[in-house]
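# Architecture and fold: a report
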Amino acid sequence: MGLFGRKKSSVGLDIGSGFVKLIEVDHSGDQPEVTRVAIRPLMADAIVEGEVMDPGLVADTIRGLLEDSGIDGRAVVTAIGGHDVIVKKISMDRMTEEDAREVIRWEAEQHVPFDIQSVELDFQILDPQGTGSEMSVLLVAAKRDLVESKLSLLRDSELEARVIDVDSFALHNALERNHPEAMKGIVALVNVGHEMTNVNILEEGVPILTRDIAFGTRRLREDLQREQGLAAEEADAVLAGRQSIDGLDRYVDGAADEVSVGVERAAAFLMAQQAGEGLGRVFLSGGGALVNGFPEALAERMGVEITVVNPFERVPMSVDAPFEVDVLETAPMLLLPLGLALRSP
Ligand SMILES: Nc1ncnc2c1ncn2[C@@H]1O[C@H](COP(=O)(O)OP(=O)(O)OP(=O)(O)O)[C@@H](O)[C@H]1O
Ligand SMILES: [Mg+2]
């Protein structure tokens, strides 16, 4: 590549338990533009409850995906999430960022339920221009094992980590870019994946709470297999609406119930604090948003407006990108990797 017109691209890699996804975003123009998208299903049980059971298989899938995609860079932005990552808004004495870096481990000790010696910490001062004696800080603590196993998986895939992000931050970033209207009032971003549902509650665009619910579309598929005697592929076809069975509603309503209880529980403490102002709106992403009838069932159950997130609403795709046709069809699954790729180099 020449000196002129040099591309400044970021590659986001989302290693989900159902699908591995890769998105490349070009940052050299006035606004970011998607140049590549690649998705591949992961073999069942290669990742279970966030734990990589078969690193060799996952690394093979990632390498295959890279080859398919034609992406030549080796540095990727990826993320960690789940129960071993804690994101918390804390309040501490006002000081410079440099000073805060010195004392953050000590501060974190009071807020993090893990052995403080075994965690990696990061933080961001949320009100750097503030004048009060206290400042508000977003603290991130991740178990070191989790970070190390992610790094080792990348090494096995012949990749390197440019940034290790946090799932909920990447989702938030991508939501903000595509749906600026979500940064008003109290809203929930609900990402229903294959095994996990990530709930982010935002107040005026500030993440005030993030929670994982141990529910994903995998459960729906397994229930259909067990109770309706369907093969895995048939269950997938039913969930995608390509095949129909009597009584799918019951399963979809059950899923909506489970997710709504999780979201309501997460939001409950907040609602108690702020009498009057309830959850205004729910933004839905992840494979769950594609399940036939699920967004409607969730809206009905929660009694709020549900918006299925389109990560390409305001991040255009490059006209000459070699896309598979189904990119738009799977769009809600691509919010997280898009958020990762939005981090400019
Ligand atoms: N077209 C579709 N219609 C219905 N469901 C779909 C469709 N495509 C994918 N899914 C479901 O969505 C799941 C994948 O969603 P997603 O990519 O958000 O999960 P993941 O990121 O791999 O999982 P997790 O984040 O929980 O580890 C699939 O396992 C499948 O059950
Ligand atoms: Mg996911």
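Cut-off values and rules
Residues numbered from 1 in each chain as written. Chains lettered and ligands numbered in written order. Predicted model: local features only at pLDDT ≥ 70, side-chain atom pairs only at ≥ 80, totals over all residues. Heavy atoms only, no water. Pairing = 2+ DSSP bridges. Helix = DSSP H or I, 4+ residues; strand = E, 2+ residues; numbered from the N terminus. Right-handed = clockwise from strand over helix to strand, strands pointing away. Expected span 1.5 Å × (residues − 1). Buried < 20%, exposed > 50% of the residue type's maximum accessible area, 1.4 Å probe, protein only. Arc of directions from axis to C-beta. Near = heavy atom within 4 Å. Polar contact = N/O pair within 3.5 Å; in protein donor to acceptor, adjacent residues only side chain to side chain. Areas by Shrake-Rupley, 256 points an atom, 1.4 Å probe, with all protein chains shown as cover. Nonpolar A, V, L, I, M, F, W, Y, C, P; charged D, E, K, R; others polar. Domains from an automatic or database assignment. Contact = heavy atoms within 4.5 Å. Buried area = accessible area lost by both parts, 1.4 Å probe. Salt bridge = Lys/Arg side-chain N within 4 Å of Asp/Glu carboxyl O.

### A look at the pairing of strand β15 (residues 305-308)
Relative to β15, strand β14 (residues 281-285) runs parallel, the two sharing four bridges. By the bridge assignment, R281 is partnered in β15 with E305. At this point the chain moves from β14, through helix α8 (residues 294-302), to the parallel β15, and the crossover so formed is right-handed.

### Considering helix α3 (residues 144-156)
The terminal C-alpha atoms of α3, which comprises 13 residues, lie 18 Å apart, in line with the 18 Å expected from a rise of 1.5 Å per residue. Among the residues of α3, L146, V147, K150, L153 and L154 are the ones counted as buried. Taken end-on, α3 shows its buried residues confined to a sector of 125°, consistent with a single buried face. Exposed residues lying more than 90 degrees from the buried face of α3 are D145 and R155.

### Concerning the site of ligand 1
Inspection of the region around ligand 1 gives 18 residues, with S17, G18, H194, E195 and G287 positioned closest. Here an oxygen atom of ligand 1 and a backbone polar atom of S17 are 2.8 Å apart. Contact distances for ligand 1 include 2.7 Å between an oxygen atom and a backbone N or O atom of G18. The fraction of the free accessible surface of ligand 1 (650 Å²) that becomes covered by protein chains is 84%. Within the shell around ligand 1, the residues separate by chemical class into eight nonpolar, eight polar and two charged. Residue assignment places the shell around ligand 1 across two domains, with domain 1 (9-82 + 146-166 + 315-341) and domain 3 (188-308) each supplying three or more.

### Examining the domain arrangement of the protein
Per the domain assignment, the segments of the protein are domain 1 (9-82 + 146-166 + 315-341), domain 2 (85-144) and domain 3 (188-308). Across the contact, 13 residues belong to domain 1 and eleven residues belong to domain 3. In this assembly, domain 1 packs against domain 3 so that about 880 Å² is buried in total across both faces, 59% of it on carbon and sulfur atoms. Here R218 makes a salt bridge to D45, at a shortest N to O gap of 2.8 Å. At the surface where domain 1 touches domain 3, the tally comes to four residue pairs in polar contact (both at pLDDT 80 or more). For the side of domain 1 that touches domain 3, the class distribution of residues is five nonpolar, five polar and three charged.

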